[in-house]
2 protein chains.
Amino acid sequence: MKKYKETTILDIARELNVSKSTVSRALKNHHSIGAATKKAVLDLAKKYNYHPNNIAYSLSKKSTKTIGVIVPLLSHYYFSTVISGIEELAYKEGYKVIICQSAESYEREVIVSQTLLSSKVDGLIVSISRETNNSDHFKVYQQKNVPLVFFDRVCPDLDVSSVVIDDYQGAFNAVEHLIMGGKRKIAHFAGPPMLKISLERIKGYKDALLKHGIPFDENLLIDCGSGLEQENGSIAAQAMLDAGIRPDAIFAVCDPIAIGVMTTLKKNKIKIPDEIGVVGFCDEPIATVIEPPLSSLVQPAFKIGEISVELLLNQINSPIPLVEKKVLSAELKIRESSLSSVLNDNRI
Amino acid sequence: MKKYKETTILDIARELNVSKSTVSRALKNHHSIGAATKKAVLDLAKKYNYHPNNIAYSLSKKSTKTIGVIVPLLSHYYFSTVISGIEELAYKEGYKVIICQSAESYEREVIVSQTLLSSKVDGLIVSISRETNNSDHFKVYQQKNVPLVFFDRVCPDLDVSSVVIDDYQGAFNAVEHLIMGGKRKIAHFAGPPMLKISLERIKGYKDALLKHGIPFDENLLIDCGSGLEQENGSIAAQAMLDAGIRPDAIFAVCDPIAIGVMTTLKKNKIKIPDEIGVVGFCDEPIATVIEPPLSSLVQPAFKIGEISVELLLNQINSPIPLVEKKVLSAELKIRESSLSSVLNDNRI
DNA sequence: TATTTTTACGCAACCGGTTGTGTTAAAGCG
DNA sequence: CGCTTTAACACAACCGGTTGCGTAAAAATA
């Protein structure tokens, strides 16, 4: 499309027989500009529908007033909620937000992080893809002193600000809740070992068993493959049943997996929660809709977004490098899927 | 954070005793640069970890190679899928994507559209908020000749490129399907009248009734308030039941509403689909998980995203203004929620 | 060998803002 | 009334790239 000639500061200056700097200053109400001049400039700006050129501004100020965000997938309720939290605070502080998805691909993550770097974002908020096991593309940020905050999924080898939830404690509580309900043979459908959160949740699972004197059984630690989707849960659950493994409860690394597990269990006419209780992680909206409603660990997603921005701004405004790590706790929301009928009998 | 001195094209030029332009051209493999010089430049660029400054590039080229996207909410599976489609094609064509949400707020939509304009996006793809009934903020785009594409939710008073699905036909098919299943007293839970899609779906609903000789009943056209969330559906459904209105089928303007309706029906011990059949619109993933699985109209969301980019690029590359309107059809996915037991008897 | 091409690169303007440093005339001061 | 302030604005450099045009030397051609 043929380009439209934007009216610039210079156009206004010429028409008013003043200098560029005068117009620039008039536009931002600088004190050293006469009232009459100011009015003339403002009027003309309105008349010509003047819009400042952010690009030029950014180039001269060396700041874009923009923060970049990279998430694995937008289509997860959790991530889109975090983003809402990020936007809320960012806009309030006069920052724009550029959102990118890595689509759970390491390669794509590298590309968008470089693009964002070249676009000179003032800071970056990231939750890494599940494939990512190299952090060189983020080290460049550190090298160039551009503020970085990780949330939820962090790079274990990077010492940067982060806000995560206490996966260990969350997992521990979930499993203990199942034990309290009289469950003894509790399986864990685990996430990709690449992600620290997977490992933390496994640890919480094991420690809860340990605390209650239940020996850890290798066969009950189920690998869901590389995916975190419903399908992976379904397949893994069927495989488990086919292998003759029959737990009395399942703690899944995330809700989609839990949902997949539940559909498979129902298909196999296994009663939830009586025969097998289920607990998920994340509390996606779907958890309340499935039958029976799924117990899950609620993560304060919106707050995580806000805190991420807060930590980022702290870095942006700090004269020296800053590293802050926040840990929030996930709250166990008990619904029917884990409400064993023996619950009351076994409660301590 | 104290700013890190980025190495620029000029730094490299000085160290090599060549001019800026030579370095610039060497970096992009221009033919008029000697092989030795090229290599020297590339080597030094790598050594200093040079990253081109996109801001400067954009300023001089008057093109940011960026397309803006505004959606009402990221947390809807439909929208995030459209975005994936947009990103896919955009990246392939060398464009970056900036995603913003209006949060279904007119005010926020105006702000982000202005921000995007100042950021000099090369084009904008929009699905408007449900509050929006003024299009001045988009007219500025037209005025400045920056390409615009609407998808799904369009501004009725703007003559611009758009890609929408055939809401009328979709609704018609859904309702006819219910009629074929023997349903006669079919209610429609409608969307906000601000949105054209709501009106189209109402029209399809009415015409399907008409075709099959069923008189339209005002009382069966239910207003869900301004929201499109599950809660709105629940409330409206309960209100309907409380008013003594008892249809034998419900066609909901979207899946969340349908889900809300279903939960209320189930709470009232009404059997789905035997007593009341339900059909939604959008085919969110949740539709397959709820019990019984929800019949819905599948929108080719990913494709809608791709086509939006295609239409946008057509404009960007066209010497003259261009307006193309694409209409895709939604496919009815029949699941249990609308599979009336009398289906076979009544089929024509 | 004289002349034309080609190769390889430099110069400087330009994109649209911001900002430190003048400069001039009016106002304030003792 | 002479001198210092202050108000109001102009100049020009700068941010980091791109690009049209000019030019000198080397290569090709006549």
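Up top is the structure.
S.K.: Hey, could you run me through the overall build of chain A in this one?
M.R.: Check the secondary structure of chain A and you find 14 helices and 12 strands. For 348 residues, the compact-globule estimate of 2.2 N^0.38 gives 20 Å, and chain A exceeds it by more than 25% at 26 Å. Residue burial in chain A is summarised as follows: out of 348 residues, 56% are buried. In chain A, 73% of the contacts between residues at least 6 apart in sequence involve partners at least 24 apart. About 14900 Å² of surface is accessible on chain A, with carbon and sulfur atoms providing 53% of the total. Of note, chain A has its 41 positive side-chain charges centred 10 Å away from the centre of its 40 negative side-chain charges.

S.K.: Hey, could you run me through the nonpolar core in this one?
M.R.: Across soluble globular proteins, you tend to see nonpolar side chains buried next to one another. Ranked by size, the top nonpolar core spans 152 residues in total, and within it Phe189 and Phe251 of chain A together with Phe189 of chain B carry the most contacts. The next biggest cluster of nonpolar side chains, apart from the first, holds 46 residues, and it includes Val126 and Leu158 of chain A together with Val146 and Cys155 of chain B.

S.K.: Help me understand the protein's contact with DNA strand D in this model?
M.R.: Neighbouring residues of DNA strand D: 26 residues in total, closest Thr22, Gly34 and Thr37 of chain A together with Ser24 and Lys61 of chain B. Counting only atoms of DNA strand D within 4 Å of the protein, the fraction found in sugar and phosphate groups is 55%. Ser21 of chain A places a polar side-chain atom, nitrogen or oxygen, 2.8 Å from a base nitrogen of DNA strand D. The contact in question runs from a base oxygen of DNA strand D to an N or O atom on the side chain of Lys20 of chain B, over 2.7 Å. At the level of secondary structure, the elements contributing two or more residues to the surface near DNA strand D comprise α2 (20-27) and α4 (54-61) of chain A together with α2 (20-27) and α4 (54-61) of chain B. Of the residues in the surface near DNA strand D, the class split is 7 nonpolar, 13 polar and 6 charged.

S.K.: It is not clear to me how the pattern of salt bridges should be interpreted in this structure. Could you clarify?
M.R.: When the charged atoms of two side chains with opposite charge come close together, those side chains can pair. Residue and element names in this part refer to chain B. Throughout the structure, instances matching the rule amount to 30 salt bridges over all chains. Of the charged contacts in the structure, one is a salt bridge between Arg335 and Asp283, with a shortest N-O distance of 3.0 Å. With Arg335 in the loop between β12 (331-333) and α14 (343-346) and Asp283 in the loop between β9 (277-279) and α12 (286-289), this pair connects stretches of sequence that are 52 residues apart. Each member of the pair, Arg335 as well as Asp283, carries the same accessibility label: buried.

S.K.: Explanation requested: the relation of the copies chain A and chain B in the structure shown.
M.R.: One copy of the chain maps onto the other through a rotation about an axis plus a displacement along that axis. When chain A is brought onto chain B, the operation consists of a screw motion whose angular component is 180 degrees and whose axial shift is 0.1 Å, with 0.2 Å RMSD remaining. Taken together, the rotation and translation describe the operation of a two-fold axis.

S.K.: What is the right way to read helix α1 (residues 9-16) of chain B from this model?
M.R.: Note: α-helices contain 3.6 residues per turn, so residues at a spacing of three or four share the same orientation. For α1 of chain B, the capping residue at the N-terminal end is Thr8 of chain B, with a side-chain oxygen 3.0 Å from the backbone nitrogen of Leu10 of chain B. At the exit of α1 of chain B stands Asn17 of chain B, carrying a positive phi of roughly 60 degrees.

S.K.: Explain the protein's contact with DNA strand C here, please?
M.R.: In the vicinity of DNA strand C, 26 residues are found, and the nearest of them are Ser24 and Lys61 of chain A together with Thr22, Gly34 and Thr37 of chain B. Here the atoms of DNA strand C within 4 Å of the protein split so that 54% fall in sugar or phosphate, with bases taking the remainder. Arg25 of chain B is positioned such that a nitrogen or oxygen atom in its side chain is 3.0 Å from a base oxygen of DNA strand C. Interatomic distance of 2.5 Å between a backbone N/O atom of Gly34 of chain B and a phosphate oxygen of DNA strand C.

S.K.: Any chance you could explain the side chain of Thr64 of chain A here in plain terms?
M.R.: Summarising the element assignment, Thr64 of chain A is placed in the loop between α4 and β1 (66-71). In contact with Thr64 of chain A, not counting residues within four places along its chain, are Ser58, Lys96, Ser119, Lys120, Val121 and Asp122 of chain A together with Ile55 of chain B.

S.K.: Would you mind showing me how to read the interface of chain A and chain B here?
M.R.: Many analyses report the size of an interface as the accessible area lost when the parts associate. Contacts between the two partners involve 56 residues from chain A and, on the opposite side, 55 residues from chain B. Summing the contributions of chain A and of chain B, the shared interface buries around 5200 Å²; its carbon and sulfur component is 55%. Linking chain A to chain B there are 8 salt bridges. With its nearest N and O atoms 3.4 Å apart, the salt bridge here joins Glu6 of chain A to Lys120 of chain B. Summed over the shared surface of chain A and chain B, the result is 17 residue pairs in polar contact (both at pLDDT 80 or more). Those elements giving two or more residues to the side of chain A that touches chain B turn out to be α4, α5 (77-92), β2 (96-101), α6 (106-118), α7 (136-143), α11 (255-267), α12 (286-289) and α13 (301-316) of chain A. Examining the composition of the side of chain A that touches chain B, we find that 7 residues originate from one element, α5 of chain A, more than from any other. Its residues placed into classes, the side of chain A that touches chain B shows 26 nonpolar, 20 polar and 10 charged.

S.K.: Looking at this structure, how should I read α2 of chain B?
M.R.: Residue and element names in this part refer to chain B. Listing the buried residues of α2 in full gives Thr22, Val23 and Ala26. Taken around the axis of α2, the buried residues stretch over an arc of 95 degrees, which confines them to a single face. One or two residues past the end of α2 sits Asn29, with phi positive at roughly 55 degrees.

S.K.: What exactly am I supposed to notice about the packing of helix α5 (residues 77-92) of chain B against helix α13 (residues 301-316) of chain B here?
M.R.: A pair of packed helices is captured by two measures, namely the crossing angle of their axes and the spacing between those axes. All names here are of chain B. For the pair α5 and α13, interaxial distance at closest approach is 7 Å and the crossing angle is 45 degrees. In terms of orientation, α5 and α13 fall into the oblique class. When you trace α5 past α13, the crossing you get is right-handed. Two secondary-structure elements touch here, α5 through Tyr78, Thr81, Val82, Ser84, Gly85, Ile86, Glu88, Leu89 and Ala90 and α13 through Ala301, Phe302, Ile304, Gly305, Glu306, Val309 and Glu310.

S.K.: Is there a simple way to think about the sheet that holds β2 of chain A in this case?
M.R.: In a beta sheet, neighbouring strands pair by backbone hydrogen bonds and run either parallel or antiparallel. Residues and elements named next belong to chain A. Pairing within the open sheet is parallel, and its 6 strands lie in the order β2-β1-β3-β4-β5-β11. Of all strands in the sheet, those with a lone pairing partner are β2 and β11 (325-328), marking the two edges. Here the average twist between neighbouring strands, direction ignored, is 15 degrees. Examined bridge by bridge, β1 and strand β3 (residues 123-126) share 4 bridges and lie parallel to one another. Of the residues in β3, the one forming a bridge with Gly68 is Leu124.

S.K.: Would you mind going over the packing of aromatic side chains with me for this structure?
M.R.: The description of an aromatic ring pair uses the distance of the two centres, along with the angle that the planes make with each other. According to the stated counting rule, one finds 12 aromatic pairs over all chains in the structure shown. Ring centres 6.2 Å apart and planes at 35 degrees place the aromatic pair Tyr168 of chain A and Phe172 of chain A in the tilted group. With Tyr168 of chain A and Phe172 of chain A both in helix α8 (residues 167-180), this residue pair falls 4 residues apart, about one helical turn. Given a relative accessible area of 11%, Phe172 of chain A falls into the buried group. Judged by centre distance (5.2 Å) and plane angle (90 degrees), the ring pair of Phe138 of chain B and Phe150 of chain B falls under edge-to-face. With Phe138 of chain B in helix α7 (residues 136-143) and Phe150 of chain B in strand β4 (residues 148-151), this residue pair connects regions lying 12 residues apart in the sequence.

S.K.: Looking at this structure, how should I read the environment of Leu178 of chain B?
M.R.: With respect to the helices and strands, the residue Leu178 of chain B is situated in helix α8 (residues 167-180). In this structure the C-alpha to C-alpha distance between Leu178 of chain B and Lys206 of chain B, which are 28 residues apart in sequence, comes to 13 Å.

S.K.: Please explain the environment of Pro72 of chain A as it appears in this structure.
M.R.: The topology assignment puts Pro72 of chain A in the loop between β1 and α5. When the C-alpha positions of Pro72 of chain A and Thr132 of chain A are compared, they lie 10 Å apart, and in sequence the two are 60 residues distant.

S.K.: Please clarify how the pairing of β4 of chain B should be interpreted in this entry.
M.R.: Both faces of the sheet carry side chains from a regular strand, because those side chains alternate between them. Residues and elements named next belong to chain B. Because side chains alternate across β4, one face comprises the buried residues Leu148 and Phe150, and the other comprises Val149 and Phe151, equally buried. Relative to β4, strand β3 (residues 123-126) runs parallel, the two sharing 3 bridges. Across the sheet, Val126 pairs through a bridge with Phe150, a residue of β4. Handedness of the β3-α7-β4 crossover: right-handed. Here β4 runs beside strand β5 (residues 161-165); their pairing, made up of 3 bridges, is parallel. Of the residues in β5, the one forming a bridge with Phe151 is Val163.

What counts and how
Residues numbered from 1 in each chain as written. Chains lettered and ligands numbered in written order. Predicted model: local features only at pLDDT ≥ 70, side-chain atom pairs only at ≥ 80, totals over all residues. Heavy atoms only, no water. Helix = DSSP H or I, 4+ residues; strand = E, 2+ residues; numbered from the N terminus. Rg over C-alpha atoms; globule rule 2.2 N^0.38 Å. Buried < 20%, exposed > 50% of the residue type's maximum accessible area, 1.4 Å probe, protein only. Contact = heavy atoms within 4.5 Å. Areas by Shrake-Rupley, 256 points an atom, 1.4 Å probe, with all protein chains shown as cover. Lys, Arg positive; Asp, Glu negative; His and termini not counted. Charge placed at Lys NZ, Arg CZ, Asp CG, Glu CD. Core = buried A, V, L, I, M, F, W, Y, C linked by side-chain atoms within 4.5 Å. Near = heavy atom within 4 Å. Polar contact = N/O pair within 3.5 Å; in protein donor to acceptor, adjacent residues only side chain to side chain. Nonpolar A, V, L, I, M, F, W, Y, C, P; charged D, E, K, R; others polar. Salt bridge = Lys/Arg side-chain N within 4 Å of Asp/Glu carboxyl O. Least-squares fit on C-alpha atoms with pLDDT ≥ 70 in both. Buried area = accessible area lost by both parts, 1.4 Å probe. Arc of directions from axis to C-beta. Axes fitted to C-alpha atoms, helices over the stretch in contact; angles between N-to-C directions. Parallel < 35°, antiparallel > 145°, perpendicular 65-115°, else oblique. Left-handed = near helix turned anticlockwise from the far one by under 90°. Pairing = 2+ DSSP bridges. Phe/Tyr/Trp six-rings, centres within 6.5 Å; stacked < 30°, edge-to-face > 60°. Right-handed = clockwise from strand over helix to strand, strands pointing away.

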